[in-house]
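Commentary on secondary and tertiary structure
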Amino acid sequence: MTVQEIQSLIRQNMVVYRNTAKPLSEQDAATLVAVWCDALTDVPSEAGKLAFRRALTVCRFPVTPADIFDQLRMMQAQQEPKAADLWNLICDKAKLARRNKGDYSWTAHLPDGRTEGQAARDKNQQLFAELPPAVRDYFGNLQALLDFEESDVAAKTYRQRDFERFYAVWQREQPLDPGKLPCVAQAAMTSHEVKKLST
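Structural notes, computed from the coordinates. Worth saying up front: this structure is predicted, and the values here are computed from it rather than measured. (Residues numbered from 1 in each chain as written. Predicted model: local features only at pLDDT ≥ 70, side-chain atom pairs only at ≥ 80, totals over all residues. Heavy atoms only, no water.)

Glancing now at the environment of Phe166. Assignment of secondary structure puts Phe166 in helix H9 (residues 153-173). Look at Phe166 and you get partly exposed, because its relative accessible area is 25%. Spatially, the C-alpha atom of Phe166 lies 8.7 Å from that of Ala134, the residues being 32 residues apart in sequence. Those residues within four positions of Phe166 in sequence are excluded, and the remaining contacts are Ala134, Asp137 and Tyr138. (Helix = DSSP H or I, 4+ residues; strand = E, 2+ residues; numbered from the N terminus. Buried < 20%, exposed > 50% of the residue type's maximum accessible area, 1.4 Å probe, protein only. Contact = heavy atoms within 4.5 Å.)

This is the structure in structure tokens:
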């Protein structure tokens, strides 16, 4: 965001919350602008403005940069896979990993020199490496995913709820990715569509 855009947000903030916002001295106003600019300069303009408008609908007191970043993180989370979809993926990949594990003891050699057992291990290592980051962070390693598949239905039900709680926290702690903010993503899509039409 530009300095002018950030100053505009501050002015709107002061007007909307004029009954609770305290008048600022010239020095305090300059400090306020400097702090907001330091926090928001790297935020894409349209995403920052949208986050500010959303914050106005939930904040009973003057909006702070922290409130704006809360909204930005929620906007980013909306672009991420849903917890239920990730859980279905976990279950599918855990079953596949268990089937691959069943081939670990095979000793026949493949044309590339590996045994079939080693190829099965490699498949599982690749399977785990290709899981979404949140899933990898939750399990930590391949063996934990295999152990999960060995658990009973009740344990898996508990783990699903545990994963949902973990994922909610994980999303809040992720650094902002401008490409995942809806305004930026939409702008990129529009640019691509225009380029496609022009060719």
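Here the narrative resumes, following the displayed structure.
Time to look at helix H5 (residues 83-101). For H5, which comprises 19 residues, the first-to-last C-alpha distance of 26 Å matches the rise-based estimate of 27 Å (1.5 Å per residue) to within 8%. Listed in full, the buried residues belonging to H5 are Leu86, Trp87, Ile90, Cys91, Ala94, Ala97 and Asn100. Of the surrounding secondary structure, the elements contacted by the buried residues of H5 are helix H6 (116-129), helix H7 (133-139), helix H8 (142-150) and H9. (Expected span 1.5 Å × (residues − 1).)

Below, the discussion takes up the packing of aromatic side chains. Applying the stated criterion across every chain, the model contains 9 aromatic pairs. A ring pair is formed by Trp87 and Phe163, whose centres lie 6.0 Å apart and whose planes are at 40 degrees; its orientation type is tilted. Separated by 76 residues along the polypeptide, Trp87 in helix H5 and Phe163 in helix H9 bring together distant segments of the chain. Considered together, Trp87 and Phe163 belong to a single accessibility category, that of buried residues. Centre to centre, the rings of Tyr138 and Phe139 are 5.0 Å apart; their planes meet at 85 degrees, and the pair counts as edge-to-face. Side by side, Tyr138 and Phe139 carry an identical accessibility label, which is buried. Three or more aromatic residues link up through ring pairs in this structure, and these residues are Trp87, Tyr138, Phe139, Phe148, Phe163, Phe166, Tyr167 and Trp170. Geometry around Phe148 places Lys156 over its ring, the cationic atom sitting 5.5 Å from the centre. (Phe/Tyr/Trp six-rings, centres within 6.5 Å; stacked < 30°, edge-to-face > 60°. Lys NZ or Arg CZ within 6 Å of the ring centre and 35° of its normal.)

Mapped onto the secondary structure, Gln76 falls in helix H4 (residues 65-78). Look at Gln76 and you get buried, because its relative accessible area is 4%. When near neighbours in sequence (up to four residues on either side) are disregarded, Gln76 contacts Gln174, Pro175, Leu176, Asp177, Lys180 and Leu181.

As a further point, take the pattern of salt bridges. Counting across every chain of the model gives 10 salt bridges. Across the pair Lys49 and Glu46 runs a salt bridge whose closest N-O atoms are separated by 3.8 Å. With Lys49 and Glu46 both in helix H3 (residues 45-56), this residue pair falls 3 residues apart, about one helical turn. Here Glu80 ties to Lys180 by a salt bridge, and the two come within 2.8 Å at their closest N and O atoms. Highlighted residues: Glu80 in the loop between H4 and H5 and Lys180 in the loop between H9 and helix H10 (182-198), separated in sequence by 100 residues. The network of salt bridges with shared partners includes Arg98, Glu149, Glu150 and Lys156. (Salt bridge = Lys/Arg side-chain N within 4 Å of Asp/Glu carboxyl O.)

Moving on: the environment of Thr20. Summarising the element assignment, Thr20 is placed in the loop between helix H1 (3-16) and helix H2 (26-40). On the accessibility criterion, Thr20 (42% relative accessible area) is partly exposed. As for Thr20 and Leu56, which are separated by 36 residues in sequence, their C-alpha atoms are 14 Å apart.

Let us look at the packing of H2 against H4. For any two helices packed against each other, the geometry is given by the interaxial angle and the distance between the axes. Between H2 and H4, the shortest axis-to-axis distance is 10 Å and the interhelical angle comes to 20 degrees. Put simply, H2 runs roughly parallel to H4. Relative to H4, H2 is oriented so that their crossing is right-handed. Together, Trp36, Ala39 and Leu40 of H2 and Pro65, Ile68 and Phe69 of H4 make up the contact between the two elements. Looking at side-chain class alone, the contact of H2 with H4 contains 6 nonpolar, no polar and no charged residues. (Axes fitted to C-alpha atoms, helices over the stretch in contact; angles between N-to-C directions. Parallel < 35°, antiparallel > 145°, perpendicular 65-115°, else oblique. Left-handed = near helix turned anticlockwise from the far one by under 90°. Nonpolar A, V, L, I, M, F, W, Y, C, P; charged D, E, K, R; others polar.)

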